[in-house]
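For reference, the chains in residue letters:
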2 protein chains.
Amino acid sequence: MAARRRAVVRSAAPDVKPGRIRQAQESTILEAAEKVFARAGFAGASMSELALAAGLPKSTLHYYFGTKEALHRAVLANILELWLEGIEAIQPDAEPREALTRYIHHKMRLTAERPDASRVFANELLHGAPQIGDILRGEMRSLVRRKARVIEGWIRAGRMAPVDPLHLFFSLWAMTQTYADFEAQITAVLGTQLGPRAMHRAGSHVESFVLRACGLLEQAERGQ
Amino acid sequence: MAARRRAVVRSAAPDVKPGRIRQAQESTILEAAEKVFARAGFAGASMSELALAAGLPKSTLHYYFGTKEALHRAVLANILELWLEGIEAIQPDAEPREALTRYIHHKMRLTAERPDASRVFANELLHGAPQIGDILRGEMRSLVRRKARVIEGWIRAGRMAPVDPLHLFFSLWAMTQTYADFEAQITAVLGTQLGPRAMHRAGSHVESFVLRACGLLEQAERGQ
DNA sequence: GTCTATAAGTTGATAGAC
DNA sequence: GTCTATCAACTTATAGAC
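Residues numbered from 1 in each chain as written. Chains lettered and ligands numbered in written order. Predicted model: local features only at pLDDT ≥ 70, side-chain atom pairs only at ≥ 80, totals over all residues. Heavy atoms only, no water.

Caption draft 1: Molecular detail of the protein's contact with DNA strand C. Around DNA strand C lies a shell of 15 residues, among which A:Met47, A:Lys58, A:Lys68, B:Gln25 and B:Tyr64 are the nearest. One of the side-chain N or O atoms of A:Lys58 is found 2.5 Å from a base nitrogen in DNA strand C. Looking at the surface near DNA strand C, the elements with two or more residues in it are helix H4 (58-65) of chain A together with helix H4 (58-65) of chain B. By residue number, the principal contributor to the surface near DNA strand C is H4(B), which donates four residues. In terms of residue class, the surface near DNA strand C is built from five nonpolar, seven polar and three charged. (Near = heavy atom within 4 Å. Polar contact = N/O pair within 3.5 Å; in protein donor to acceptor, adjacent residues only side chain to side chain. Helix = DSSP H or I, 4+ residues; strand = E, 2+ residues; numbered from the N terminus. Nonpolar A, V, L, I, M, F, W, Y, C, P; charged D, E, K, R; others polar.)

Right under this line is the structure:
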């Protein structure tokens, strides 16, 4: 009843915020889609499965996003934002040790809290980034290279060991994301699920591993 | 003509090594399948595509492997062997620095020479290891834990910094495989293809990064 | 052993009633 | 805006001629 009235009102003069329903529906669909795409990949997820997960009929998904590919792109766009976020900790006048520690923990938190996002992103990269290649070669490339120059500055100033900055990023991303992307392998080897305790241990490992590799942990601290 | 004669001979009394044709055909199919599965994933690869890549009709693939899933399992089995190979460098009486260096370069060589194998493996892990989960929780788990105890021994003997051995493996695998699995991201950031020169640079980075993190590089060597 | 032809089912997408 | 019913295309797998 309420829905009917609203529809009538909107077609005449929308007194409720326009697109409110659309926004809510799209969020529902995107949230469900992230889960399904993470588990099955783009090709392995069917529109029926995506619709079932969202609790809506298939055609409603087509109504909002047009094609399966467009829905996938929308999921990826959401994720890319998260991705390029924490890197801002790396600033010329920041303390290298503190900046790297913050960035690592940002990445580890993301991995722990949004593992499905990580997996959707990994799947896209694994298959050659057909949907987001342009963004990677554009925005992302320039952002990362700008941050690499900051690290180069730290090295020239003798504030950390000489580590190739771009490869430092590659290693950092790989070490953190592996706990989401390859969780199956890690739980198999550990023999336990990746709960909060295991993820905390993983975070400590990555932090001290990277800091030591960058010459940012004193001898005395090595035994921690 | 030769093929016809061979067929007649075999049906009577096979004087040629039996299964020779089978072996050759299976190799052809497996090699092509690794490439196709790497690019498209399991769900994204169709039998027609796999057949086209192998230069054979679809039904021949079914004749040799039965189902698409069985073919995929066969590809994975080939890869798992490669995977568990180089870890034998880690022996109690080996020099930690030399052993780790050898293992890293083994992994990097594999990544450079068989990127498609790495990608098929990554795709399987990414989707929860439905086909090889048993092997991971069995053979692989016990092998890796055995090697972790070797590293624990090195640490107790003060021969390297105290690094969690299992997490050391996770980091090592992630840092090396990222150059195959997420090549799209890496080439986007580098702005160049991953040729032999770039892979050599990557190998040097991973080696010094890990050795420094394990306290196996002297101060004087840091500037290399 | 090899391949053409086809069966049986699933897919992404849409038309059209409500 | 929503959903049922349906389409054409494509999927894996197999039967059966050669």
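Caption draft 2: Region of the structure containing the interface of chain B and chain A. Taken together, the contact between chain B and chain A spans 55 residues of the former and 55 residues of the latter. Summed over both partners, the interface of chain B with chain A comes to about 4900 Å²; 66% of that surface belongs to carbon and sulfur atoms. For the chain B face of the interface with chain A, the top three residues by lost area are B:Leu126, B:Gln185 and B:Val189, together amounting to 15%. Along the contact surface separating chain B from chain A lie two salt bridges. Linking B:Asp164 and A:Arg201 is a salt bridge whose minimum nitrogen-to-oxygen distance equals 2.8 Å. Inspection of the chain B/chain A interface yields 20 residue pairs in polar contact (both at pLDDT 80 or more). Elements that contribute at least two residues to the side of chain B that touches chain A include exactly helix H2 (20-44), helix H7 (115-126), helix H8 (133-156), helix H9 (165-181), helix H10 (183-190) and helix H11 (196-213) of chain B. Examining the composition of the side of chain B that touches chain A, we find that 11 residues originate from one element, H9(B), more than from any other. (Contact = heavy atoms within 4.5 Å. Buried area = accessible area lost by both parts, 1.4 Å probe. Salt bridge = Lys/Arg side-chain N within 4 Å of Asp/Glu carboxyl O.)

Caption draft 3: Examining the protein's contact with DNA strand D more closely. Surveying the vicinity of DNA strand D reveals 16 residues, the closest of which are A:Gln25, A:Tyr64, B:Met47, B:Lys58 and B:Lys68. Here, DNA strand D places atoms within 4 Å of the protein, and 57% of those atoms are sugar or phosphate. A distance of 2.5 Å separates a phosphate oxygen of DNA strand D from a polar atom in the side chain of A:Tyr64. Where the surface near DNA strand D is concerned, the elements lending two or more residues are H4 of chain A together with helix H3 (47-54) and H4 of chain B. The element best represented in the surface near DNA strand D is H4(A), accounting for four residues. Split by residue class, the surface near DNA strand D holds five nonpolar, eight polar and three charged.

Shape is all these values report; function is a separate question.
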